[in-house]
Amino acid sequence: MNLLDGKLVSEKIKEQIALDAAEFTTQTGRKPHLVAILVGNDGGSETYVASKMRNCQLVGFESTNIRYDENITEDELIAKVKEINQDESIDGLIVQLPLPKHIDPDKVTEAIDYRKDVDGFHPINLGRMQRNLPCFIPATPYGIMLMLEYYKIDTAGKHAVVVGRSNIVGSPMSILLARNANPGNCTVTLTHSRTKDLKAEVLRGDIVVAAIGKKNFVTADMVKDGAVVIDVGINRETSTATKSGFKLYGDVDFENVAPKASWITPVPGGVGLMTIVGLLKNTLEAAKGTIYPKQ
Ligand code: NDP
């Protein structure tokens, strides 16, 4: 078993991002600027946004966290998004999900200017990704592709099984793995809660991506010998054993699956760190205008 080490790869890529950001700042007199909007007090979201802000600072970006009470209306939130769309000093905008129930996440996502949509959730970016055109790729699948690229994992012709079909992870992941690109060129099976014999499907995977949201869901009897196993899951449980007061578990039963896998990501220390890298790379591209030229 070999570890797909998110810490190692993310540090290496962030070094390059920092160099590129410094060059951008020298040329333009300003730093790439990411704004994150956080609504309410969801513990997981607070941790993710804090980490995104901290990493922006580490690589020399400017970052702004705008916080709202959970009672903000949909109209007020969308008005703020539209204001940021017009602000030329801001390159990238993310609205941390989940949002309170009275706010439609699709409406908010579509209100974001697709040229600032560094989460890559806007239908224009998703459509362009499907067409293999330059776009912002959703940060988690993007980070996973960067990891596969770094370790030169041979994906062409392989059977990839993605478990979970969310808009932010499973579905875009299946598209990226199937694209005519490297990494890519997989034959992809996309599974979900209505899949009939999930175990039989996952057992066919040379590459397995687990994005379900259930602790230790993928067990050793579901995984083929020698498979590449990517664990996206972040399941938080309270714990007295850690300083933070909680412990993270993946969607894969790491202890028992790792001996069978050729490569596997740990949780923590795997995909989560690569997601941040995906976001930072998108923000840098937004600032430089390489994907969508600045007007
Ligand atoms: P969602 O809840 O949006 O989607 C979960 C998917 O899993 C759905 O498609 C669902 O199927 C499927 N599913 C649920 N139960 C089963 C089952 N018993 N059998 C088969 N499929 C099932 O989750 P996300 O995609 O947003 O997140 C998945 C996990 O990844 C979570 O733990 C989340 O915290 C984590 N995550 C981690 C990130 C990172 O940076 N590492 C970033 C984003 C998420 P159906 O569609 O039929 O309901």
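Data block above holds the structure.
Residues numbered from 1 in each chain as written. Predicted model: local features only at pLDDT ≥ 70, side-chain atom pairs only at ≥ 80, totals over all residues.

Turning next to unusual backbone geometry. Along the chain, L97 connects to P98 via a cis peptide bond; the corresponding omega equals 0°. Looking at the element boundaries, P98 is found in the loop between β4 (92-95) and α4 (105-111). Each neighbour pair has its own omega, and for V267 with P268 the value is -5°, a cis peptide bond. Phi at K152 takes a positive value of approximately 50°, unusual for a residue other than glycine. Relative to the helices and strands, K152 resides in the loop between α6 (139-150) and β5 (159-163). In the Ramachandran plot, N185 falls in the positive-phi region, its phi being about 55° despite a non-glycine side chain. (Helix = DSSP H or I, 4+ residues; strand = E, 2+ residues; numbered from the N terminus.)

Our focus in this paragraph is the sheet that holds β4. Ordered in space as β3-β2-β4, the three strands form an open sheet in which the pairing is parallel. Strands at the two margins of the open sheet, each flanked by one partner only, are β3 (62-68) and β4. On average, adjacent strands in this sheet sit at an angle of 15° to one another, irrespective of strand direction. In this structure, strand β2 (residues 33-39) lies alongside β3, joined through seven bridges in parallel fashion. Among the inter-strand pairings, L38 is bridged to a residue of β3, identified as R67. (Pairing = 2+ DSSP bridges. Axes fitted to C-alpha atoms, helices over the stretch in contact; angles between N-to-C directions.)

Our next topic: the site of the ligand. The environment of the ligand is made up of 24 residues, and the closest members are G164, S166, S193, G213 and T275. Tallying contributions element by element places helix α10 (residues 271-288) first for the shell around the ligand, with three residues. Class assignment for the residues of the shell around the ligand results in nine nonpolar, 13 polar and two charged. (Near = placed C-beta within 6 Å. Nonpolar A, V, L, I, M, F, W, Y, C, P; charged D, E, K, R; others polar.)

Before going further, it helps to examine the environment of D251. In this fold, D251 is placed in the loop between β10 (246-249) and α9 (254-257). Note on D251: 24 C-beta atoms within 10 Å, which makes it buried. For the pair D251 and V163, spaced 88 residues apart in sequence, the C-alpha separation works out to 9.9 Å. Not counting chain neighbours up to four residues away, the residues in contact with D251 comprise A210, A211, I212, G213, K214, F217, V218, D231, V232 and G233. (Buried ≥ 20, exposed ≤ 12 C-beta atoms within 10 Å, placed from the backbone. Contact = placed C-beta atoms within 7 Å.)

So, on to α6. Given a rise of 1.5 Å per residue, twelve residues ought to cover 16 Å, and the 16 Å separating the end C-alpha atoms of α6 matches this to within 8%. Within α6, nine of the twelve residues are buried, which leaves the element mostly enclosed by the surrounding structure. For α6, the complete set of buried residues consists of A139, T140, P141, Y142, G143, I144, M145, M147 and L148. For α6, the secondary structure elements touched by its buried residues are α1 (6-28), α7 (170-178), β7 (207-210), β8 (228-231) and α10. Within two residues after α6, K152 carries a phi angle of roughly 50°, on the positive side. (Expected span 1.5 Å × (residues − 1).)

The next point concerns the sheet that holds β5. The six strands are arranged β1-β11-β8-β7-β5-β6 in an open sheet whose pairing can be described as parallel. Of all strands in the sheet, those with a lone pairing partner are β1 (2-3) and β6 (187-191), marking the two edges. Two strands pair when backbone bridges link them, and β1 and strand β11 (residues 263-264) are joined in this way by two bridges, in the parallel orientation. Directly across from N2, in β11, lies its bridge partner W263.

Function cannot be inferred from these measures alone, as they are strictly geometric.
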